[in-house]
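Structural features, examined
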Amino acid sequence: MAMLEVKDLYVSYGMIAALKGISFEVNEGEVIALIGANGAGKTTLIRAILGESKAEGRIILNGQDLYKNFKNMKSQIGMVPQFLTLRKNDTVRNTLMDTAGIKLGSCTKQEREQRVDNILEHVGIKEHQNKLIGQLSGGQQKKAAVANQLVGFQKVFICDEPDSGLDAASRTQQMEILKEISQENKIVMVITHEPDDAVQVIDGVKKSLFTKVIVLARNSVDRAGHLAFYGSVENALAFFGVSRLQDIMIEI
Ligand code: ATP
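Everything in this summary refers to the structure shown in the same document. Computed from a predicted structure; not experimentally measured. (Residues numbered from 1 in each chain as written. Predicted model: local features only at pLDDT ≥ 70, side-chain atom pairs only at ≥ 80, totals over all residues. Heavy atoms only, no water.)

**Looking at the site of the ligand**
The cut-off we apply is this: Consider each residue's heavy atoms; a residue with any of them within 4 Å of a molecule or strand counts as near. Within 3.5 Å is the distance limit for a polar contact, defined as a pair of N or O atoms, with the added protein rule that one can donate a hydrogen and the other accept it, and that residues adjacent in sequence qualify only through two side-chain atoms. Here the accessible surface of atoms and residues is derived via Shrake-Rupley with a 1.4 Å probe, and residues count as covered only by protein chains that are part of the display. Starting at the N terminus, helices and strands are each numbered in turn, a helix being any DSSP run of H or I of at least four residues and a strand any DSSP run of E of at least two. Put simply, Ala, Val, Leu, Ile, Met, Phe, Trp, Tyr, Cys and Pro go in the nonpolar bin, Asp, Glu, Lys and Arg in the charged bin, and everything else, Gly too, in the polar bin.
Taken together, Tyr 13, Ala 18, Ala 37, Asn 38, Gly 39, Ala 40, Gly 41, Lys 42, Thr 43, Thr 44, His 193 and Arg 218 form the complete shell of residues around the ligand. Take Thr 43: an N or O atom from its side chain is 2.6 Å from an oxygen atom of the ligand. One of the side-chain N or O atoms of Thr 44 is found 2.5 Å from an oxygen atom in the ligand. Coverage of the ligand by the protein amounts to 57% of the 640 Å² it exposes when considered alone. Per-element accounting of the shell around the ligand gives the leading share, 3 residues, to helix 1 (residues 42–49). Considered class by class, the residues forming the shell around the ligand number 4 nonpolar, 6 polar and 2 charged.

This is the structure we're talking about:
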């Protein structure tokens, strides 16, 4: 069973439909690129998944209907900040405890301490918990950033344009952190205008960090955003007959 199922989503602003008939399923561990031209409905789709805009249709997360159980489930889907870098002059532990204070407000201090301990151990950075972030190596800082995101109980992580305003090295690091988060049996969805920058090199071969691509496009007849494509990066490139994901926007 897919972890996240979006079924026939419809969103309108007043009388004007912004999104129509959006359906797709996502398994845990996936990193999804959400692409489309300006005004295609990317932000609208994200806001519907976050429950921030009124949508018709259904969103099922782990078999449960999000809109029907919104109060209990809303903490499972959340935005990731655009900049995942952490404050250099805080210790790793304090950073995670601050996040626990925000995300796990209803837990006792002891429960928050326990959660932070578990995450530090799980991510493999517990031995560095009392060091300042600025004293960590690049790889350890990345682990701290992943740990910091995992403190809450989010299952779906959404990031809006992690590529805007970041230099190339920071963009790569940001995407690597998101990939590592997905590998904790989570789903990561990324709105991006630079989808081809998110690559990893495996055995000397460049491979996209995205496991799937959602392409939204505005229909020239009803002006609403529709799902133009959903599938793997390779299939997206073949479907649109392009060699780079960003060229899909030109094809559309
Ligand atoms: P961009 O890449 O420019 O951020 P997008 O793909 O995120 O665009 P949306 O912001 O989701 O697009 O907008 C989709 C459509 O809905 C657009 O036609 C937009 O004008 C319209 N729209 C968005 N927000 C509102 C609103 N609050 N009221 C009315 N129309 C809106």
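**Thoughts on the pattern of salt bridges**
So the rule is basically this: Note on definitions: salt bridges are taken to be side-chain nitrogens of Lys or Arg within 4 Å of carboxyl oxygens of Asp or Glu.
The full count for this structure, using the stated rule, is 15 salt bridges. In this structure, the salt-bridge partner of Lys 7 is Glu 5, at a minimum N-O distance of 3.5 Å. A salt bridge links Glu 30 to Lys 212; the shortest N-O distance between them is 3.0 Å. Here Glu 30, found in the loop between strand 2 (16–26) and strand 3 (31–35), pairs with Lys 212, found in strand 11 (residues 212–218); they are 182 residues apart in sequence, far enough to count as distant.

**Topic: the side chain of Lys 186**
Just so we agree on the cut-off: Only protein chains enter the accessibility calculation, which uses a 1.4 Å probe; a residue is then buried when its area is under 20% of its type maximum, exposed when over 50%, and partly exposed in between. Here Asp and Glu are counted as negative and Lys and Arg as positive; His is not counted, and neither are the chain ends. Contacts were defined at the residue level, with two residues in contact if any of their heavy atoms lie within 4.5 Å.
Its location among the elements puts Lys 186 in the loop between helix 6 (168–182) and strand 8 (187–191). For Lys 186, which is buried and forms no salt bridge, the nearest opposite charge comes from Glu 184, at a distance of 7.1 Å. Ignoring any residue separated from it by four or fewer positions in sequence, one finds Lys 186 in contact with Glu 28, Gly 29, Glu 30, Leu 150, Gln 154, Lys 155, Phe 157 and Ile 181.

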